[in-house]
Amino acid sequence: MRGRPLLYTSYEADQGLLNTTTKKVMLGLFLLVLVSIPFQVIPGLSFLGEDDWLRLLVTTAIFAIGALGLNLLTGLAGQVSLGHAFFMGVGAYTAAWLGGPADGPLLGLGLPIWIWLPAAGIVAALIGVAVGPTAVRVRGLYLAIVTLGLVFIGDYVFRNWASLTGGAQVGRDFPPLVFRWWKEDPPVIDFTTSSVWFGVELSGLAKTFFLLAVFAGISTLLAKNLQRTRVGRAFMAIRDRDIAAEIMGVNEFAYKLLAFGVSSFYAGIAGALLASFVTRVIPERWDLFLSVQFIAIILIGGAGTVAGVILGSAFVILLPRVVQDFTLWLQSVALEGDGLGSAIANVFVATTPTDFGLVNTFAGVGPGLSVAQLNLVLYGLLIIGFLIFEPLGLFGIWLRIRNYWKGWPFTY
Amino acid sequence: MTSGLVVLAQETVGGSAFAQMLVDGISFGAIYALLAMGFVIIFKATSVINFAHGALTGLGAFLVVAFATVLDFPGRYLTSLPEWAQWTANVLTAFVVAALFGVLIERVFLRPMVGEALFAVAIVTLGVDIVVRTITNDWIGTQPRPVGAPWGLNVIDLGWVRIAWSEVIQIVVTIVLLIAIALFLRSRTGVAMRATAFDQETARAQGVNVGRIFSVAWAIGAFLAAVAGLFYSVFPRRATGVDQATAFIAFRAFPAVIIGGLDSIPGAVVGGFAVGIAESAANIYVTADFLGNGFPGIVGYLLMMVVLLVRPYGLLGTPEIRRV
């Protein structure tokens, strides 16, 4: 079909993952950039290979895995959930119990990663299905508040179950990302220390980066496939009109439970990976704000789209760092002292602890927001802004750019 | 999140724990009832699930601090009045300013969302909550700020039960506000609001200024939230005053809304007092050794789960009629 790139003659071709040349090329380029990041070879992007940026990218991958789950539940099946943080906590503590040191002061069995990581997802999924009947019985906005309740009840349990979680404000260490065959065997692959792979010296962080990139890739593929099959279509039918879906033969109860289960599975895996990556986590980590971050990810990225989830995760995780760097840069401009740029920058940042500025980088003094507070405000404003102006999120912006160039030089 | 509840019963010698539990519960329930009522009024009139109610509470409480202790406005011009009257004037001004902030928030962030899916609007309020709460917290700072209530720590000791003056005032104020709201709903604007709650487009076709009703609803919601914020920040609740955690009280009022039914104003009052008394009972009868710290904080949510299993639309809520 030369010259007719969008003419499909079979459903298989229409539903194909990479059904256009552009998609193939862009995915290839994306993977190439991804692989090259830790080696710092691409000029202009080499800063991404520095340790602090690499950590952020690993976090992005973990959040993308969690957000893919919420996207299935909220974006596809249309069930609003604020309880994602709770299921991540369940996954993390399952991992800690199974994988934590057996001789430590806290609960732990010392099992290897190939047991604790899947188990984290499975236990979270089981709990998701267990609370499902309550959640399926209530609709729409009642559901949002029921899942909100889950976060608070989970927070209470995590804080008080000190023998597992380490207790409020104390926390515990989580099993490291080390692959062994059995409890005390020598590690087969150790993602925490550097080693030589294929003749190349790689730091532990770089190896973790590759591991998480692979995990995120597998999760994306699974989510995308689920979306393209009967299950995904059933989810979307329920989202669009639940009664109509039932009339068409979609078992609403079963599919809603399934959506909760799958979404919780993703959340459990993401929670276990996150806890394992940051090594020490306090029980208060799994709070409402984490849930809101996930909501922000899928809304900013574009609800219901897998590509949007990845974009959204990168946006939400990298934004604080960008804002921080930008603020410091503005401050340096303001400190130069003369010129128009400096005067403008001076309004936005404080140059001395008592100076006026919308942003004040000096800890705990004077008027103005700290950088952390500025980031929170930006989160909020971005959520509001995207919902009001671009409900399809970053993905929607991409669609508009794409459609503009598709018809270029005509406007339609 | 600490419970923040100071239990008088532990100080009572020879008092009745049950009576004390009821008094604490009613006082706490009054706070929840005010919050839940504002939440329901906003939901009914504008179809917005307001997750920013906590932010409105924190903002209201902060405004009370600002007007009563920092600005002393308009009290500083009323020097002929006794001190308590000056304080009351300051606080009333703060409530009105809080109501204006409510109107402003609706106008700027929620008016563009009219007609969008309920879920999307609810998430917008989550964003508003983050923005408003962060800015309020920056103003409040790290130290709690007392509101300077003129009745202070005074307590009426009846022998079998101890009631703080603030609790007496709080319950009187709550009853007055309940009656005022009931009367308001029968007024011309109130009837228009009920019509809007029933169907926004039809109300508009009948000549109701729907936009104005939205503003009024948010003003009432923010006003009630500010009142609740004040009474949450005085002895015997949190005698230290307003701090960054004050806003979280609204998250404990959500179960009250659901228990009563999202769209029922009497339900909000019933739910508020039910949660308040349940929390107070948990405070007195459940020890930390048995169920750990912070259990009273989740009693409301547990109660909510139970109610939802029996009645998915709350005690007094309207069941949704599902049509194709």
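Remember, it's a predicted structure, so these values are computed and weren't measured experimentally. (Residues numbered from 1 in each chain as written. Chains lettered and ligands numbered in written order. Predicted model: local features only at pLDDT ≥ 70, side-chain atom pairs only at ≥ 80, totals over all residues.)

Draft legend 1. A look at the overall build of chain A. For chain A, the helix and strand inventory stands at 16 helices and 6 strands. Dimensions along the principal axes, computed over C-alpha positions, put chain A at roughly 70 × 70 × 55 Å. Burial analysis of chain A (412 residues in total) assigns 42% to the buried set. Considering only residue pairs separated by 6 or more positions, chain A has 66% of its internal contacts joining residues 24 or more positions apart. (Helix = DSSP H or I, 4+ residues; strand = E, 2+ residues; numbered from the N terminus. Buried ≥ 20, exposed ≤ 12 C-beta atoms within 10 Å, placed from the backbone. Contact = placed C-beta atoms within 7 Å.)

Draft legend 2. Spatial organisation of the environment of I37 of chain A. All names here are of chain A. Looking at the secondary structure, you find I37 in the loop between α2 (21-36) and α3 (51-76). Accessibility expressed as a C-beta count within 10 Å gives 21 for I37, which makes it buried. Taking the C-alpha atoms as reference points, I37 and L257, separated by 220 residues in sequence, lie 40 Å from one another. Once you skip the residues sitting within four places of it in the chain, I37 turns out to touch L48 and G49.

Draft legend 3. Focus on the interface of chain B and chain A. The interface of chain B with chain A comprises 39 residues on the first partner and 36 residues on the second. Listing elements by their share of the side of chain B that touches chain A, those giving two or more residues are α4 (118-140), α9 (249-260) and α12 (295-310) of chain B. The element best represented in the side of chain B that touches chain A is α4 of chain B, accounting for 14 residues. Partitioning the side of chain B that touches chain A into residue classes produces 29 nonpolar, 7 polar and 3 charged. (Nonpolar A, V, L, I, M, F, W, Y, C, P; charged D, E, K, R; others polar.)

Draft legend 4. View of the nonpolar core. The biggest cluster of nonpolar side chains holds 219 residues, and the ones touching the most others in it are L35, A36, V64, A94, A98 and A226 of chain B. No fewer than three residues from each of domain 1 (49-288) and domain 2 (305-412) of chain A sit in this core. If we skip the residues at most four places from it in the chain, A94 of chain B touches L63, V64, A66, F67, A68 and A226 of chain B. (Core = buried A, V, L, I, M, F, W, Y, C linked by C-beta atoms within 7 Å. Domains from an automatic or database assignment.)

Draft legend 5. View of the environment of V131 of chain A. All names here are of chain A. As for its placement among the helices and strands, V131 is situated in helix α5 (residues 113-137). Taking the C-beta count within 10 Å as the criterion, V131 has 20 such neighbours and is therefore assigned buried. Between the C-alpha atoms of V131 and T147, which are 16 residues apart in sequence, the distance is 9.5 Å.

Draft legend 6. Just the packing of helix α12 (residues 288-301) of chain A against helix α16 (residues 393-406) of chain A, in detail. Residues and elements named next belong to chain A. It is at 3 Å that the axes of α12 and α16 come closest, and there the two elements cross at 10 degrees. Looking at the two axes, α12 sits roughly parallel to α16. Every residue of α16 that contacts α12 at L299, I300 and G301 is listed here: G393, L394 and F395. (Axes fitted to C-alpha atoms, helices over the stretch in contact; angles between N-to-C directions. Parallel < 35°, antiparallel > 145°, perpendicular 65-115°, else oblique.)

Draft legend 7. Here's a closer look at α5 of chain A. Over its 25 residues, α5 of chain A extends 36 Å from the first C-alpha to the last, a length consistent with the 36 Å expected when each residue adds 1.5 Å. Its maximal kink placed at V131 of chain A, α5 of chain A deviates by approximately 45 degrees, while the proline P133 of chain A follows within four residues. (Expected span 1.5 Å × (residues − 1). Bend = angle between axes of the 7 residues up to and from the residue.)

Draft legend 8. Expanded view of the confidence of the model for chain B. Residues and elements named next belong to chain B. Averaged over all residues, the pLDDT of chain B equals 87, while 94% of them reach at least 70. Put simply, helix α11 (residues 288-291) is where chain B has its lowest mean pLDDT, 75, and helix α8 (residues 210-232) is where it has its highest, 95. In this model, residues 1-14 is a region of pLDDT below 50 whose contacts with residues beyond four sequence positions or in other chains number 29 contacts. Model confidence for the complex is summarised by a pTM of 0.89, with the ipTM given as 0.86. (pLDDT = per-residue confidence, 0-100.)

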